[in-house]
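# Overview (structure and organization)
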Amino acid sequence: MGDDNIQKLTMPKWGLAMTHGKVIDWLVAEGAVITAGAEVIEVETEKITGNVESPVSGILRRRVAQSGNDIPIGGLLGVVADASVTDADIDQFVESFIPEEVEDDGEAADDRPNFIEVGGRRLRYLKRGEGGPPAVLIHGFAGDLNNWLFNHGVLAVSREVYAIELPGHGESSKDVGDGSLDVLVDSVRDWLDAIGLTSAHLIGHSMGGAIALALAERHPERVLSCTLIASAGLGSEIDHGYLTGVVEADRRKSLKVHLEKLFADPSQVTRQLVDDVLKFKRLDGVTDALRLISDKLVVDGRQAWVIGERLQQLSIPMLVIWGDQDQIVPATHAAGLPQTTQVEILEGCGHMVQMESAGGVNRLLVEFLGGAD
Amino acid sequence: MARKLTFQHAINEALDQEMSRDESIVLLGEDVAGGQGADGEMDAWGGVLGVTKGLYGKHGDRVMDTPISESAFVGAAIGAATSGLRPVVELMFNDFMGVCFDQIFNQAAKFRYMFGGKAETPVVIRTMIGAGFRGAAQHSQSLYSMFTHIPGLKCVVPSNPYDAKGLLIEAIRDNDPVIFFEHKNLYQVEGDVPEEAYTIPFGEAEIVREGEDVTIVTLAEMVHESVKAAEALQKDGIECEIIDLRTTSPLDEDTILESVESTGRVVVVDEANPRCSMATDISALIADKAFASLKAPIKMVTAPHTPVPFNPKLEDLYKPNAGNIAAAVREVAEYQKTWETTTSKS
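Here the structure is a predicted model, which means the values were calculated and not measured. (Residues numbered from 1 in each chain as written. Chains lettered and ligands numbered in written order. Predicted model: local features only at pLDDT ≥ 70, side-chain atom pairs only at ≥ 80, totals over all residues.)

### Comments concerning the overall build of chain A
To keep it simple, the criterion reads: Strands here are runs of E lasting at least two residues and helices are runs of H or I lasting at least four, both read from the DSSP assignment and numbered beginning at the N terminus. Any residue with 12 or fewer other C-beta atoms within 10 Å of its own C-beta is exposed, any with 20 or more is buried, and the rest are partly exposed; the C-beta atoms used are placed from the backbone. Throughout, a pair of residues is in contact if the C-beta atoms placed from their backbones lie within 7 Å.
Helix and strand content of chain A: 10 helices and 18 strands. Over its C-alpha atoms, taken along the principal directions, chain A stretches across nearly 65 × 45 × 40 Å. Residue burial in chain A is summarised as follows: out of 373 residues, 46% are buried. Contacts in chain A between residues far apart in sequence, at least 24 positions, make up 67% of those at least 6 positions apart.

Put into structure tokens, the structure is as follows:
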């Protein structure tokens, strides 16, 4: 029996800094039939806890990693095979398993972010995957490319997928001009030009959704489809206290209170996550940049830019995803959208729905993008 | 972000970036440019352990070699700070501070207070601390507690490259005198350091590791020994919470007290001599403000009350290490209150 019928489940790499993960528990029993995309095992990293999705379908024949085990990325978690494979063959496979080579700093070469100079600013982005009509991930206010750590790799299986870091964010330049949405929209458009993408699927989270919408309205020929996740720009309500809280909080404790609003389950906000946001905020220029953006995004406690009726005139495919427990931008903004828009409300999720229900969001995205290509 | 940098290079980068940003920043010290001659050769050294290497080449005469006269050049830096410059002065070993105590204790620390809040003294004094370098008694002390004692001085004692860069930039931008203590054994320690400039506010301790059984309060190189001890203790089911003070003045009392209130057991680890030290200071703080939370006596792990020995074997014995720390933590973790059983309260 060749290895062709035996498929491996390995430790994924979530985010740039991940080198290993700790197994919390299996979510499926040995012998269970699993389908590709099913969540099979819960893993904890220094930054976050998440569920690993099986990339393959078959029978979970062996749970190799056990609760409490620390497994490097690429290390063997389990074995999937159909019933015709013998236990001896599976033993043999586990025994002779060699993890794929990762470079000594734990980062595969195609997994490193790049910088490109756009309009006098240095913008950072991470490209993964090859071929297919490209997709671009646009994070929200105070976010960065790691907001997509559970999604980027899955989407990149079938196409090239870019995660961009907006001006003022991540490791991109902290100059945001007057902080208006226009500056951010123009930056993304100029970045598309600089990368050489004539058109792309845009996937925006929160403020990134408003940027995607505005770009679609101004340059419809550049936008193959729009996926709006917990998006700004669809209604006027927003938790202004969250934005000002994130801008002004300068200590771990005061910041944590605000970050906890991002998730339906506040225990998702680990010490490391708070630390990372704090370290980002302490970079020169970040607080000023965020304050400028926040002041333009929300005026008198309401979103300043809302597409409203003009949405009817957009003729590109649209997918709108929301967590029903979103405390930042209410899920009610998903109601009353044009008939042609696919609307999906995920239960038990907050504003960071693409992290809290990564499997659900990934399935919707893969299917939607496939149909919109 | 994800670049690894040594502690020493993190300090160099902080100096370089701040000097590029602000022309009023100047460096003074023995051999900070690099000895005799023109540029090139002059830049070959960059401080006794090479921390300021390359800065003379980039910033020219703003990097000044001084005579071996600490009282003169520290005084000059303090004077320059009161009149518009932002000097960063390197006083090679903190053991030599004694010759310029008047400039530091009685002048720099007092100006703001004595001149009705109208005078500012934005000077940073960088200096090396620490035993274990085979430097003998006059080059190995850790004297931060002496400076912590003086109101008007801020004292920074970083333990890792990220903190070193962020705290040094904060120190340079601060308008009061800051003494910045660099443990010489940490210079080659590597860690993630962002390329961009950033600051870490003073008076914010870092919780290096969370745990519910015993709190370890420590600083500088002893943070690393405490982490080693905690890793060993974890195997025996003892979870340590490690607090890295980062600055001794201002002191983050809240973080210390909150941790002690949750664990009830505490070990204070300090490489310095034990009398009138950070270890006694922290212990007194806890006894004063969190006594009711304690489930065991406060334990201190420090050097003995002797000069740092030159004999390498004795020097190794002198310094606290992961073994001593783990033993102290075990003692505290296993301690059972006896007075609760002997008093008949309920």
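### A word on the overall build of chain B
This is how it is decided: For the radius of gyration, the atoms used are the C-alpha atoms, and the globule rule reads 2.2 Å times the number of residues raised to 0.38.
Assigned secondary structure in chain B consists of 13 helices and 14 strands. For a compact globule of 346 residues, the expected C-alpha radius of gyration is about 20 Å, and chain B comes in at 21 Å, within 12% of that figure. Taken along its principal axes, the extent of the C-alpha atoms in chain B is 75 × 45 × 40 Å. Taken over 346 residues, chain B has a buried fraction of 50%. Taking contacts inside chain B between residues at least 6 apart in sequence as the whole, the part at least 24 apart equals 78%.

### Concerning the pairing of strand β4 (residues 86–93) of chain B
Residues and elements named next belong to chain B. Here is the rule we go by: When DSSP finds two or more bridges between two strands, those strands count as paired.
The buried fraction of β4 is high, at 7 of 8 residues. One ladder, built from 5 bridges, connects strand β2 (residues 25–29) with β4; its direction is parallel. By the bridge assignment for β4, Val26 is matched with Pro87. Here β4 pairs with strand β5 (residues 124–129) via 5 bridges, running parallel. Pairing of Val89 across the sheet is with Ile125, part of β5.

### What about the nonpolar core?
Let me state the cut-off plainly: Here a nonpolar core is just a set of buried residues of the types Ala, Val, Leu, Ile, Met, Phe, Trp, Tyr and Cys, joined wherever their C-beta atoms sit within 7 Å.
Membership of the largest hydrophobic core comes to 211 residues, with the highest contact counts inside it found for A:Ile164, A:Leu202, A:Ile211, B:Val267 and B:Val329. Apart from residues no more than four positions distant in its own chain, A:Ile164 is found in contact with A:Leu123, A:Tyr125, A:Val136, A:Ile138, A:Val188 and A:Trp191.

### Structural notes on the interface of chain B and chain A
Basically, it comes down to this: We call Asp, Glu, Lys and Arg charged. Ala, Val, Leu, Ile, Met, Phe, Trp, Tyr, Cys and Pro are nonpolar, and the rest, Gly among them, are polar.
Contacts between chain B and chain A engage 12 residues on the former and 9 residues on the latter. Class assignment for the residues of the side of chain B that touches chain A results in 7 nonpolar, 2 polar and 3 charged.

### As for the confidence of the model for chain B
Here is the rule we go by: By definition, pLDDT measures how confident the predictor is in each residue, and it falls between 0 and 100.
For chain B, mean pLDDT is 93; residues scoring 70 or higher make up 94% of the total. Taken together, the chains of this predicted complex give a pTM of 0.87 and an interface ipTM of 0.88.

### Quick notes on the environment of A:Asp182
Residue position: A:Asp182 is located in helix α3 (residues 181–195). A:Asp182 sits in the partly exposed class, given 14 other C-beta atoms within 10 Å.

### Some points on the domain arrangement of chain B
All names here are of chain B. Threshold: Here the bounds of each domain stem from an automatic or database domain assignment.
Along its sequence, chain B is carved into domain 1 (4–192) and domain 2 (206–334). Here domain 1 and domain 2 have C-alpha centroids that lie 27 Å from each other. Listed by partner, the interface residues are 25 residues for domain 1 and 24 residues for domain 2. Looking at the side of domain 1 that touches domain 2, the elements with two or more residues in it are α6 (144–148), β6 (154–156) and α7 (161–173). In terms of residue class, the side of domain 1 that touches domain 2 is made up of 12 nonpolar, 10 polar and 3 charged.

### Thoughts on the domain arrangement of chain A
Residue and element names in this part refer to chain A. Here the domain parsing of chain A yields domain 1 (3–95) and domain 2 (111–372). With centres defined by C-alpha atoms, the gap from domain 1 to domain 2 works out at 30 Å. Listed as interface residues are 13 residues of domain 1 and, on the opposing side, 13 residues of domain 2. Among the elements that take part in the side of domain 1 that touches domain 2, strand β5 (residues 49–53) stands out by supplying 3 residues, more than any other. Taken together, the residues that form the side of domain 1 that touches domain 2 break down as 4 nonpolar, 4 polar and 5 charged.

### Observations concerning the sheet that holds strand β11 (residues 135–138) of chain A
All names here are of chain A. To be explicit about the condition: Helix axes use the C-alpha atoms of the stretch in contact, all axes being lines fitted to C-alpha atoms, and the angles between their N-to-C directions lie in the range 0 to 180 degrees.
The strand order β9-β10-β12-β11-β13-β14-β17-β18 describes an open sheet built from 8 strands, whose pairing is mixed. Edge strands, defined here as strands with exactly one partner in the open sheet, are β9 (114–118) and β18 (342–346). Going across the sheet, the axis of each strand differs from the next one's by a mean of 20°, ignoring polarity. When strand β14 (residues 223–229) meets strand β17 (residues 318–323), the two strands line up parallel, connected through 4 bridges. Looking at β17, one finds that Cys226 is bridged to Met318. Its contacts with the sheet put helix α10 (residues 358–372) on β11, β13 (200–205), β14, β17 and β18, and the angle it makes with β14 is roughly 160°.

### Digging into the sheet that holds strand β6 (residues 58–63) of chain A
All names here are of chain A. Ordered in space as β1-β8-β6-β3, the 4 strands form an open sheet in which the pairing is antiparallel. Looking along the sheet, the strands with just one partner apiece sit at the ends: β1 (6–10) and β3 (33–34). Here β3 pairs with β6 via 2 bridges, running antiparallel. By the bridge assignment for β6, Ile34 is matched with Gly58. Sheet strands touched by helix α1 (residues 87–95): β1, β6 and β8 (76–81). Its angle to β8, the strand with the most contacts, is close to 150°.

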